Amino acid sequence: MPQIFVTQQDGRQLTLEVPSGRRLMEALRDGGTTVEGTCGGACSCGSCHVYVDDAWLARLTEVETDEREMIEAIGDVIEVRPTSRLACQIQMSDALDGLTLTIAEAI
Ligand code: FES
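Residues numbered from 1 in each chain as written. Predicted model: local features only at pLDDT ≥ 70, side-chain atom pairs only at ≥ 80, totals over all residues. Heavy atoms only, no water.

**Observations concerning the pairing of strand β3 (residues 49–52)**
Then step 1. In β3, alternate side chains face the same way, and those of H49 and Y51 on one face and V50 and V52 on the other are all buried.
Then step 2. Across three bridges, β3 lies against strand β4 (residues 84–86) in antiparallel orientation. Looking at β4, one finds that V50 is bridged to R85. (Buried < 20%, exposed > 50% of the residue type's maximum accessible area, 1.4 Å probe, protein only. Helix = DSSP H or I, 4+ residues; strand = E, 2+ residues; numbered from the N terminus. Pairing = 2+ DSSP bridges.)

**Section: the side chain of Q8**
Then step 1. With respect to the helices and strands, the residue Q8 is situated in the loop between β1 (3–7) and β2 (13–17).
Then step 2. With residues near it in sequence (within four places) discarded, Q8 still touches L14, G32, T33, T34 and I103. (Contact = heavy atoms within 4.5 Å.)

**Digging into the pattern of salt bridges**
Then step 1. Scanning the entire structure with this criterion turns up six salt bridges.
Then step 2. Its salt-bridge partner being R22, residue D30 comes within 2.6 Å of it at the nearest N-O pair.
Then step 3. Among the charged side chains, a salt-bridge network with shared partners connects R22, E26, R29 and D30. (Salt bridge = Lys/Arg side-chain N within 4 Å of Asp/Glu carboxyl O.)

**Structural notes on the sheet that holds β1**
Then step 1. Strands sit in the order β2-β1-β5-β3-β4 across an open sheet of five strands; the sheet is mixed. Only two strands of the sheet have a single partner each, and these edge strands are β2 and β4. Within this sheet the neighbouring strands show an average axis-to-axis angle of 35 degrees, counted without direction.
Then step 2. The pairing of β3 with strand β5 (residues 99–103) spans three bridges and is antiparallel. Paired with V50 across the bridge in β5 is I103.
Then step 3. The strands touched by helix α3 (residues 65–74) within the sheet are β3 and β4, with β4 carrying the most contacts at an inclination of about 120 degrees. (Axes fitted to C-alpha atoms, helices over the stretch in contact; angles between N-to-C directions.)

**Re the environment of L57**
Then step 1. For L57, the location among the structural elements is in helix α2 (residues 54–57).
Then step 2. By relative accessible area, which is 26% here, L57 ends up partly exposed.
Then step 3. The sequence separation of L57 and P82 amounts to 25 residues, and the corresponding C-alpha distance is 9.4 Å.
Then step 4. Excluding anything up to four places from it in sequence, L57 contacts V52, P82, T83 and R85.

**With respect to the packing of aromatic side chains**
Then step 1. All chains considered together, the criterion is met by zero aromatic pairs.
Then step 2. The positively charged end of R81 is found above the aromatic ring belonging to Y51, 3.7 Å away from the centroid. (Phe/Tyr/Trp six-rings, centres within 6.5 Å; stacked < 30°, edge-to-face > 60°. Lys NZ or Arg CZ within 6 Å of the ring centre and 35° of its normal.)

**Section: the environment of C45**
Then step 1. Here C45 lies in the loop between α1 (24–30) and β3.
Then step 2. Placed 28 residues apart in sequence, C45 and A73 show a C-alpha to C-alpha distance of 9.6 Å.
Then step 3. Setting aside its immediate chain neighbours within four residues, C45 contacts G37, T38, C39, M70, I74 and I107.

Listed below in structure tokens is the structure:
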């Protein structure tokens, strides 16, 4: 099963096994991280904001308009980076085995 490597805001690291097809937000939310996924993955809360490791960014699906607008909106209150993504918009696949990310500050 694919694994992801997560750094939390407090610096703690953990490894999660995430089945292909599962939304990354759900894996983080259920995996003991601070990700809440408040909107259930509707791309409307920003609580699943993560910074994807540079090496993995190009392997993800492109940012759609809804996600881009939500990231721009949360950028008014927390740090947004070029590597910012919303985990609810990332679907796990075998190709993402080893994905490395940092969970952003909670909003
Ligand atoms: S869970 Fe709300 S934006 Fe991702």
